[in-house]
Amino acid sequence: MNVHSAIQRYVFKIHSSRIIRENRDLTLTINQARENKELIALHDSQLMRFIDELNGDPNPQARIFEIRARIKMLQKEKDISVSRPKIKKLYEELDKYQFKKDYICVVMDDEKDYMQLYKNGFKVNNISYGRLLGTTGGIKSNTIVFINKKLLPELKRRIANGRNPSKQFAPAKLEAYNSLVCSSSVPVSMPHGIAVVHDCITHFTADVIELDDNELEQPSMKYVKNKKISLNDSDGYGLAMPQLMERWGKETGKNYILPGCVIRNSFCKGCVFPVDFQKFAAEHHIKNIIDVWGNSYPIKNIELILTESMLKLWDSYSSIEDYLNNCKKNHYTFSITKSSDAELENVRTMNYQFLQSYDFTDSQIDELTAPTINEIKEILQSDYRKTILYTKGVGLNEKNIQNLDSSFATALMIEPKMINDPYVQSKLRSMAQKRIDDAKIGVLKVPANYSLVSGDPYSLCQSMFGLTVTGLLKAGQVYSKYWIDKGVDTIVSFRAPMTSHNNIRRLKVVHNKEMDEFYKYMTTPTIFNSWDTCADAMNGFDKDGDCVINTSLPLLVNNTKNLPAIVCIQHNAPKCVPTEDDIVLSNIRCFGNPVGEVTNKVTSMFEVRARYKKGSREYRILDYRIKCGQLYQQNAIDKTKGIKAKNMPEKWYRQPLNKANGRHDSIMNKNDWLNSKIAVDKKPYFMRYIYPAEQKGLNKYLKANNEKCIMLFRITFDELLAKQNRTNEEENFIQAYYRGLPMGTAPCTVNKICRKIETVFDNNFSFNNDVCKNPFFDYSILKCNVEYSKHLFNKIKKLYDDYKKELSQYIKYAKSERVKPDEYQMQKYIFKEHFKRKCLEQCPNEEYLCDIILDLCYPNSKSSKQFAWDICGDIFIKNLLKRNNYRITYPTLDENGDIEFNGQHFSMQTTQINDYAIA
Amino acid sequence: MSVILNETACAEYIINQGKTGRNPTSALFLLAKYYRHKKHMNTEQISAQLKNFMKLNYKNFNPVLWDDTIEDIVSKSTRYPLREIDSVGITQSELDKISQIPNIKHRQILFTMLCYAKLYNTFLPNNNNWVNSNIPEIFKTAAVSVRHKNDRFLYLNDIANFGLISFPNKNDNLNIRVNFVDMDSEAVMEIDDFRELGYEYLNYIGEGRFVRCSICKRLIKQTGRRSKYCAECRHQKQKEWQKNSMKKHSQNRNNEVL
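In this text the structure is predicted, and so the values were computed from the model without any measurement.

## Looking at the packing of aromatic side chains
Residues and elements named next belong to chain A.
Then step 1. Enumeration according to the criterion identifies 48 aromatic pairs over all chains in this entry.
Then step 2. Summarising the aromatic geometry, the rings of Tyr482 and Trp483 are spaced 4.8 Å apart at their centres and angled 85° between planes, so their arrangement reads as edge-to-face. When sorted by exposure, Tyr482 lands in the same class as Trp483, which is buried.
Then step 3. Pairwise contacts between aromatic rings join Phe280, Tyr458, Phe465, Tyr479, Phe518 and Tyr519 into one cluster.
Then step 4. Sitting above the plane of the Tyr691 ring, Lys683 keeps its charged end 4.7 Å from the centroid.

## A few points about the environment of Ser676(A)
Then step 1. Tracing the sequence through the fold places Ser676(A) in helix α27 (residues 666–678).
Then step 2. Sequence-wise, Ser676(A) and Trp652(A) are 24 residues apart; in three dimensions their C-alpha atoms are separated by 8.2 Å.

## Focus: the pattern of salt bridges
Then step 1. With the rule as written, the count across this model stands at 71 salt bridges over all chains.
Then step 2. The salt bridge partner of Lys279(A) is Glu517(A), with a shortest N-O separation of 2.8 Å. Taken together, the positions of Lys279(A) in helix α11 (residues 277–283) and Glu517(A) in helix α20 (residues 513–518) put the pair 238 residues apart, joining distant regions of the chain.
Then step 3. On the basis of relative accessibility, which here comes to 37%, the residue Glu517(A) falls in the partly exposed class.
Then step 4. The partner of Asp898(A) in a salt bridge is Arg385(A), with the nearest N and O atoms 3.5 Å apart. With Asp898(A) in the loop between β30 (887–893) and β31 (899–901) and Arg385(A) in helix α15 (residues 384–392), this pair connects stretches of sequence that are 513 residues apart.
Then step 5. Looking at Asp898(A), the relative accessible area reads 59%, which means it is exposed.
Then step 6. The exposure class assigned to Arg385(A) is partly exposed, which follows from its relative accessible area of 22%.
Then step 7. Each of Arg21(A), Lys51(B), Asp67(B), Asp68(B) and Glu71(B) takes part in a single network of salt bridges with overlapping partners.

## Looking at the sheet that holds strand β11 (residues 201–212) of chain A
Residues and elements named next belong to chain A.
Then step 1. If you trace the 3 strands from one edge of the open sheet to the other, you get β12-β11-β27, paired in mixed fashion. Only two strands of the sheet have a single partner each, and these edge strands are β12 (220–232) and β27 (565–568). Shown here is a sheet whose adjacent strand axes are inclined to one another by a mean of 50°, direction ignored.
Then step 2. Here β11 pairs with β12 via 11 bridges, running antiparallel. Looking across to β12, one finds that Asp212 is bridged to Ser220.

Parameters at a glance
- Note on numbering: residues in each chain are counted from 1, in written sequence order.
- Ligands are numbered from 1 and chains lettered from A, in the order in which they are written.
- Totals for whole chains, interfaces and linings use every residue, but because this is a predicted model, local features are given only for residues with pLDDT of at least 70 and side-chain atom pairs only at 80 or more, for both listing and counting.
- By convention in this description, side-chain values take in all heavy atoms of the structure and omit both hydrogens and water.
- Any pair of Phe, Tyr and Trp rings, taking the six-membered ring for Trp, is counted once the centres come within 6.5 Å. Such a pair is stacked with planes under 30 degrees apart, edge-to-face with planes over 60 apart, and tilted for the rest.
- Note on classification: 1.4 Å probe, protein chains only; a residue is buried when its accessible area is under 20% of the maximum for its type, exposed when over 50%, partly exposed between these limits.
- Definition used: whenever NZ (Lys) or CZ (Arg) falls within 6 Å of the ring centre and also within 35 degrees of the ring normal, the charge is taken to sit over that ring.
- Put simply, DSSP marks the helices as runs of H or I at least four residues long and the strands as runs of E at least two long, and each gets a number from the N terminus on.
- Salt bridges are defined as contacts in which a side-chain nitrogen from Lys or Arg sits within 4 Å of a carboxyl oxygen from Asp or Glu.
- We treat two strands as partners when DSSP finds at least two bridges between them.
- A fitted line through C-alpha atoms represents every axis, and for helices the fit uses only the stretch in contact; the resulting angles, taken between N-to-C directions, go from 0 to 180 degrees.

Written out as structure tokens, the structure reads:
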């Protein structure tokens, strides 16, 4: 999946408590914000484009590229007294275009803060800000978008896009529709002819498990045979003529017909797939299409079909012309947020959610973990060729090798001696350690791919042209060109978040001539049939950009049981004509992300269930509770929409409630005792590798337990466990140890995987590497060999010291606060850019800078080399290329090759780099 | 930060010297308690004082990154009063119990634990003679070094075998209870400095020669006739001497030039 992003823009992200502390009027420079970690990078979006346009700057992207090119040119200037002021000025100008002062994200620390800021607004650098909206992702982390009050009325008018304001909505839903303008996207051209059609609804019967928690303390679970099901097969997707997808492909830098892409427009969200629906109409002698408003259009004039589930507010407009006129008036364009790649990958990693419901034997665990263990062992061998394959993937070829980046793997392809570089060594070590830790939490390699979900477009065509819906696929079938080409007939499909085995589907991959012809442009999406409960089973997927992971691994295929789908009784959110106050209240309800909490509790239930025999009472109760997890996930989402929904009963996951109940009825006491036994009050053991706090807690417990053991018995705990003929006191100590463990260690599937990886790698983690024995590395191969002044050196040294201090502080903070990977990468990017700028402002010449930084970081083995690669990585690559006459040697697939990696053979090929430009 | 008996004096010392120490949050917490309970300042005033203190004495202080920490410290300062104890008294019966143990190192450790237990009993009436300081800190204060870190627990096991200390039932609870605390009898020894309890004991029983640092009054081992300062003060003094000699040297050079 390819996420489209254009330039990055910087905005302030400030905590509400800080604004309140400063009496809602604060002064903040960009540099201060960088230091305070109050600056974030955002991708371009419709909202950003609106703001640029209102500020009279319709094409900032071109200006940004131009300034960057001028900075690059100035880096070659030898006389730094000339280039220094110019670079400083250019960076100031760059800030003007990259930094969006009109847009501020505020993290609400308190509901009261939100109400105060919403009612009264606030000022930053003398600009007044007012609330605009909360994006779906932002609200989960309590973040609300505020906008310069001068632009606010116009932006609100544009976002409303002339919709009928008297329509009723659930406030949270309207906010989600409004926030579509914030999706990062790349604008594309207008299709020649658009029609909005009714969704394709199919009706069939299926066996399901029905969960209902209405008026009950604990949900009722019923197995219903032949339940009548209605399925919206086109939920969130539409169709595009192949020529439109080809055009959009070109506009987004792809030279193929996009196999599927996720689009945005005003109140429009969803996926479109390339299908020649004009040909379908001609084959069925149909000339016109009737849209949702009942208007008829010649099908030959239509290039894009939207469904009513894509155009959320279609009934707020009188016709497609009305909608498009409003879009034109308010300067909306179609845009693409992400698109399918031309080809799917061959290998993907599983995660613990997908694996936890399987019941694997020890030999099956060995089989499942073997490819991952081999991969890690190959990294540890430190063969530079395998390192390249691991970091760059197995798909390197003559064409894509021309696009070089400034990573250490590129350096290795140019100069194999780089394997001796201490920076490369430390990178390899951390890469291997991360891979081992990931494997411990079920991130295991399997032959699989990640693909967009589509309904059956044949069914949609039949439905939109008024024909009887039959579709081409039958219940239990899917169409996937990737698996057809591989000759695979059965796959297993997963979608996150998932809780129980009922969420996994085993599907038949089918095809025939008619399908191959009709779906020929949809080369990478997985096409689901219109006649079974896959969507319900896989936690209610829709087709607006949702993805599934499909695998053909026989171990998973043979062990997957097709269990009935779990269907939870749905509740509708109350509707009203939402006022601003209603929306703010709905934002507050959405703060935080309760779904993760429910999912974690269900994961813990798998661990507790593993303590009991299959079929025992405890096992069956926990099995029921695991199934109910899906209902409580649904309830957590419903709550954010303003629906009254129940939480998971506390006695399922909290011990003291059961113990402190104080009831004397003998039956109740028996129940309390059982509840207390199976309450999930601990996270499973493998989660120590996910949550640093759990890891710390467990390590502290183990250390204290060992020390206490020495204090009491004069032997370590391991020695006590190995001791024969233990005394009563010693036995009690061991039992108390198991009772007191802060994490669940029962042999559930993922704990078993974790233990397996621990056994293989813990205490055996070392590089089989000649380099470690001979650590000499001549860093002059990276140098430009110029002479610089001591004064300049000292200036950069000061920056280097600041860099080390700030980076270590941030890494410490990110670890303890479990900062999300996206946020972490973004802050590191801002941090790197900031120091690069500071360095260039002090020493604008790239050659001086390169040599100074090398002499700073490399002579001392303990100095961090990350700084050198962050600031001068591109110059190192340039110097290495120059030294090697612009030749690069890379591993490529070759049946007769001498390098074996991931079960495939590779050989090293050498090629000339024609036009060196760092990606 | 080691145990402080008189927090008021310590807070005043920190303010006068402008020392944040290795862990500024401990110093800030002490100052917050001082401003709240001694100077009767309100929350806003305390926050302002702490920020000002950090601005003056902490290199690269960024108020935005410290805001939440300071707010938290200030709010917690209401719950904890300032500690003002002049000394902890040790009774003859307690010293007699300690002297029952033949090994001097064991006695140093036991004396240290006794001092801690009596100190905690003074703060918390329900303490029941428990010591909840961490074990490496007890050994450091007792001036007992070990070859291997696990030896500390073997030492404690030895002492427990005399029945003078006991351990809690919970596996991961490493607190220690001193079984011979006497809070009622008259004290024969007063401890007003908790930095070198092992030396205090040795000095009292006349084992070895000790002097007090002429600057900070810390008890130090007398290694020669000129032993005057503890390591920390000696380091400070040396810095001062170096500074003065450099100053003198540059003055002399200037005079020569003139």
